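# Residue-level structural notes
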Amino acid sequence: MNRFTHQNARQFLFGLDNANFLSVFDEYCDGVLITNADGIIVYYNKAMSRIDELEPEDVILNQVTDVYDLDDETSLIMQCLITRRPIIDKSNYYRTRMGKFANTIHNVHPIFNQNQLVGCICFVRDFHVLTETLSIMRLPETQHRMHPYEITFDSIIGQDPAFKDALNAARMAANTPSPVMLYGETGTGKELFARAIHNHSPRHEKKYTPVNCAAIPENLLEGILFGTSKGAFTGAINKAGLFERTSQGTIFLDEINSMPVGLQSKILRIVQDGKVRRVGALKEIKFDLKIISSVNQDPHTSIAAGSLRSDLFYRLGVVFIHIVPLRDRMSDLPLLVDHFIDKHNKALGRQVRGAEDAVMEMFYQYHWPGNVRELEHVIEGAMNIMGPDNRIRIKYLQPHFAQGHSNYRTAGHRASRWMAHSSKSGDTGETGPSDLLLNKNEHEKKLVWQALMQFRGNVTRSAKKLGISRQLLYYKMKKYHLSRDQFR
Ligand SMILES: Nc1ncnc2c1ncn2[C@@H]1O[C@H](COP(=O)(O)OP(=O)(O)OP(=O)(O)O)[C@@H](O)[C@H]1O
């Protein structure tokens, strides 16, 4: 018989006077479990007891590996104690020794007392609710502020040649059943492309299901995608997965390179067979879907790193579309800025006319790690605080953007595209400190380049911006080996 109580256990771990804070956890919404340095459970709250369906009295002062059907390798608590490092947001699928299965997210932290490891504290969030609903799909971004059905290729802004190629490829692929893989950094518009493909496809009246593979715990993903069958595991119910439920529509597997490789092989098999089998079921069910997937890392790098199966890449990347990052299509900046000002004018009932030159200059010089999404947020943020003014000015930019911009410049990336261009054209951009003429030329070339970039090679508008005649601008372009086509 277990003769220990909570109070004994607290004393066991921390000593009498230091354990009063533990009462905070008694009613805490998530499970909380504390062990000593040997993995002996010394605290176990009510939420934990509900998740495991075990009584604290049966658990406290037992070894973790005796309570759960886990060993030193598979128990996150034991791993935390062995490595002495925290384990953050790790999904877990475990079984208690009494046979209860649980789907959880674990956060486990080692506890040190004067540099001595004395135990660990484990916070456990129950994901049972998710398995019940099986509807963990990512909702389309609210920022679209456009009904998803309204997203067409016309709502995707960009004239850059590589970007237009991507749009054309997507437009053509919308009419075929072949899978499409979108590759682009965060915020480049992958979801927008996926939605436009669906809306242009013959399947547009059927369902469109976006699934954020990175956001769903590994152990739930299989059931969510393929469905579950009663008896597959304790508590499992008959439920169709998203492949089945999207019948004849389009499924968008976002960030497929974050999906566990084991599950990637299953996806490959079912895509090849055109049939899906619910977890724990014998019967296979046919499906007919357009599959769009996305990767946010160069697939060849992901394959080399082992996070993407090459066979899946070749299967799903039949049509492979690269969406270029914003920093590589800066000629689209004016268009995008106008588009977002217009969009937020409508949303906020404003009449903002544009951004002042200094803002555009700043935008050109920035590297936009968050791509178009970041640009939109910067504009929206400014429009929220500019009062009745009708131009976006530097003072309205959010401090974090100004900070990010300044960090980027201080890190030596100033006008990186400019520098890249200078070195490409054989001009290193380096000037001796006393070489005034060279410095002047360098500065002039930079201004010409920026104006042409801003107006996408339009000489009349660029000359006007620079305050010089068109003839003089042509002369300067010749002098600096710049052609209009470079900026279109
Ligand atoms: N070319 C574009 N034209 C208009 N809006 C765009 C464009 N590209 C992106 N956006 C806007 O930027 C935001 C982010 O786009 P989206 O969610 O499609 O990016 P993503 O590549 O899927 O990002 P993540 O990988 O982080 O999910 C959305 O609000 C979208 O409307």
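Residues numbered from 1 in each chain as written. Predicted model: local features only at pLDDT ≥ 70, side-chain atom pairs only at ≥ 80, totals over all residues. Heavy atoms only, no water.

If you look the chain up in an unreviewed UniProt entry, it shows as Arginine utilization regulatory protein RocR from Desulfotignum phosphitoxidans DSM 13687.

## Here's the deal with the overall build of the chain
The condition that has to hold: Helix numbering and strand numbering both begin at the N terminus, where a helix is a DSSP run of H or I of at least 4 residues and a strand a DSSP run of E of at least 2. Relative accessibility thresholds used throughout: buried, under 20% of the residue-type maximum; exposed, over 50%; partly exposed, between the two (1.4 Å probe, protein chains only). What makes two residues a contact is simply this: any of their non-hydrogen atoms within 4.5 Å. The method behind every accessible area is Shrake-Rupley, applied with a 1.4 Å probe, and residues are considered shielded solely by the protein chains displayed.
When helices and strands are tallied, the chain shows 22 helices and 16 strands. Counting over 488 residues, the chain shows a buried share of 49%. A separation of at least 24 residues holds for 65% of the contacts in the chain among residues at least 6 apart in sequence. Total accessible area on the chain stands at roughly 24,200 Å², and carbon and sulfur atoms take up 51% of it.

## Section: the pairing of strand S14 (residues 319–322)
Applied cut-off: Strand pairing is defined by DSSP finding a minimum of two bridges between the two strands.
Residues Val319 and Ile321 of S14 are buried on one face, while the alternating residues Phe320 and His322, pointing to the opposite face, are not. In this structure, strand S6 (residues 180–183) lies alongside S14, joined through four bridges in parallel fashion. For Val180, the partnering residue across the bridge sits in S14 and is Val319.

## Remarks on the environment of Gly31
Relative to the elements of secondary structure, Gly31 occurs in strand S1 (residues 31–36). Here the alpha-carbon distance between Gly31 and Val124, two residues 93 residues apart in the chain, equals 4.6 Å. The contact partners of Gly31, leaving out residues within four places of it in the chain, are Asn45, Ala47, Met48, Ile51, Cys122, Phe123 and Val124.

## Some thoughts on the pattern of salt bridges
Once their charged atoms are close, side chains differing in charge can pair, the charge on each being opposite to the other. Quick note on the threshold: The salt bridge criterion pairs a side-chain nitrogen of Lys or Arg with a carboxyl oxygen of Asp or Glu, the two atoms within 4 Å.
Inspection of every chain in the model, using the stated rule, returns 14 salt bridges. Glu244 is paired through a salt bridge with Arg278; the nearest N and O atoms lie 2.9 Å apart. With Glu244 in helix H11 (residues 242–245) and Arg278 in the loop between strand S11 (275–276) and strand S12 (285–286), the pair connects residues that are 34 residues apart, well separated along the chain. Judged by its relative accessible area of 18%, Glu244 is buried. In this structure, Lys343 engages Glu376 in a salt bridge whose closest nitrogen and oxygen atoms are separated by 2.9 Å. Highlighted residues: Lys343 in helix H15 (residues 333–348) and Glu376 in helix H17 (residues 371–385), separated in sequence by 33 residues.

## Some words on the packing of aromatic side chains
Two aromatic rings are characterised by how far apart their centres lie and by the angle between their planes. Definition in use: Note on ring pairs: Phe, Tyr and Trp rings are taken, using the six-membered ring of Trp, and paired if centres are within 6.5 Å. Classes follow the plane angle, with under 30 degrees stacked, over 60 edge-to-face and the rest tilted.
Enumeration over the complete set of coordinates arrives at eleven aromatic pairs. Note on Tyr28 and Phe123: the rings are 6.4 Å apart at their centroids and 70° apart in plane angle, and the pair reads as edge-to-face. Placement of the pair is Tyr28 in the loop between helix H2 (23–26) and S1 and Phe123 in strand S5 (residues 116–126), with a sequence separation of 95 residues. The structure contains a cluster of three or more aromatic residues connected by ring pairs, namely Tyr183, Phe313, Tyr314 and Phe320.

## Side note on the sheet that holds S14
Strands pair in a sheet through their backbones, by hydrogen bonds, and they do so in one of two ways: parallel or antiparallel. Let me state the cut-off plainly: As a rule, the C-alpha atoms of each element are fitted with a line to give its axis, helices using only the stretch in contact, and angles between N-to-C directions run from 0 to 180 degrees.
With parallel pairing, five strands are arranged side by side in an open sheet as S7-S10-S13-S6-S14. At either end of the open sheet lies a strand with only one pairing partner, and these are strand S7 (208–212) and S14. This sheet shows a mean twist of 15° between the axes of neighbouring strands, independent of strand direction.

## Focus: the environment of Asp298
Inspection of the secondary structure puts Asp298 in the loop between strand S13 (290–295) and helix H13 (299–305). Taking relative accessible area as the criterion, Asp298 reaches 29% and is therefore assigned partly exposed. It is 9.4 Å that separates the C-alpha atoms of Asp298 and His322, two residues lying 24 residues apart in sequence.

## Remarks on unusual backbone geometry
Unlike most non-glycine residues, Glu53 shows phi in positive territory, near 55°. Topologically, Glu53 is positioned in the loop between helix H3 (46–52) and helix H4 (56–59). On the basis of relative accessible area, Glu53 is assigned to the exposed category, the value being 57%. Positive phi outside glycine occurs at Asn371, with the angle close to 55°. Of note, Asn371 is situated in helix H17.

## Some words on the pairing of S13
Working note: regular strand, side chains alternate between the two faces of the sheet. Here S13 lies mainly inside the structure; six of its six residues are buried. Burial of S13 is two-sided: the residues Lys290, Ile292 and Ser294 facing one way and the residues Ile291, Ser293 and Val295 facing the other way are all buried. Strand direction decides the pairing type here: S6 and S13, joined by four bridges, are parallel. Bridging from a neighbouring strand, Leu182 pairs with Ser294 of S13. Where strand S10 (residues 250–254) and S13 come together, four bridges link them in parallel fashion. From the neighbouring strand, Ile251 faces S13, where its bridge partner is Ile291.

## Overview of the state of the cysteines
Cysteine pairs can be covalently joined through their sulfur atoms, and such a bond is termed a disulfide. Quick reminder of the rule: Disulfides are defined as cysteine sulfur pairs within 2.5 Å.
Under the criterion given, the structure shown has zero disulfides. Not engaged in a disulfide, the cysteine Cys120 finds its nearest cysteine sulfur in Cys80; these two sulfurs lie 4.7 Å apart. With no disulfide of its own, Cys122 has Cys120 as its nearest cysteine by sulfur position, at a separation of 6.5 Å. For Cys122, a relative accessible area of 1% translates into the label buried.

## Description of the side chain of Lys476
Inspection of the secondary structure assignment puts Lys476 in helix H22 (residues 470–479). Looking at Lys476, the relative accessible area reads 14%, which means it is buried. Beyond its immediate chain neighbours, meaning those up to four positions away, Lys476 contacts Glu444 and Val448.

## Quick notes on the nonpolar core
Filter applied, for reference: The definition of a nonpolar core used throughout is a set of buried Ala, Val, Leu, Ile, Met, Phe, Trp, Tyr and Cys residues joined through side-chain atoms within 4.5 Å. All the domain ranges listed were derived from an automatic or database domain assignment.
Membership of the largest hydrophobic core comes to 39 residues, with the highest contact counts inside it found for Val337, Phe363, Trp368, Leu375, Ile379, Ile392 and Leu397. If you list the elements that add at least two residues to this core, you get H15, helix H16 (357–365), H17, helix H20 (436–454), helix H21 (459–466) and H22. Residue contributions to this core reach at least three from each of two domains, namely domain 3 (327–414) and domain 4 (416–488). Ignoring anything within four residues of it in the chain, the contact list for Ile392 reads Ile341, Val352, Gly354, Ala355, Glu356, Val359, Ile379, Ala382, Met383, Met386 and Leu397.

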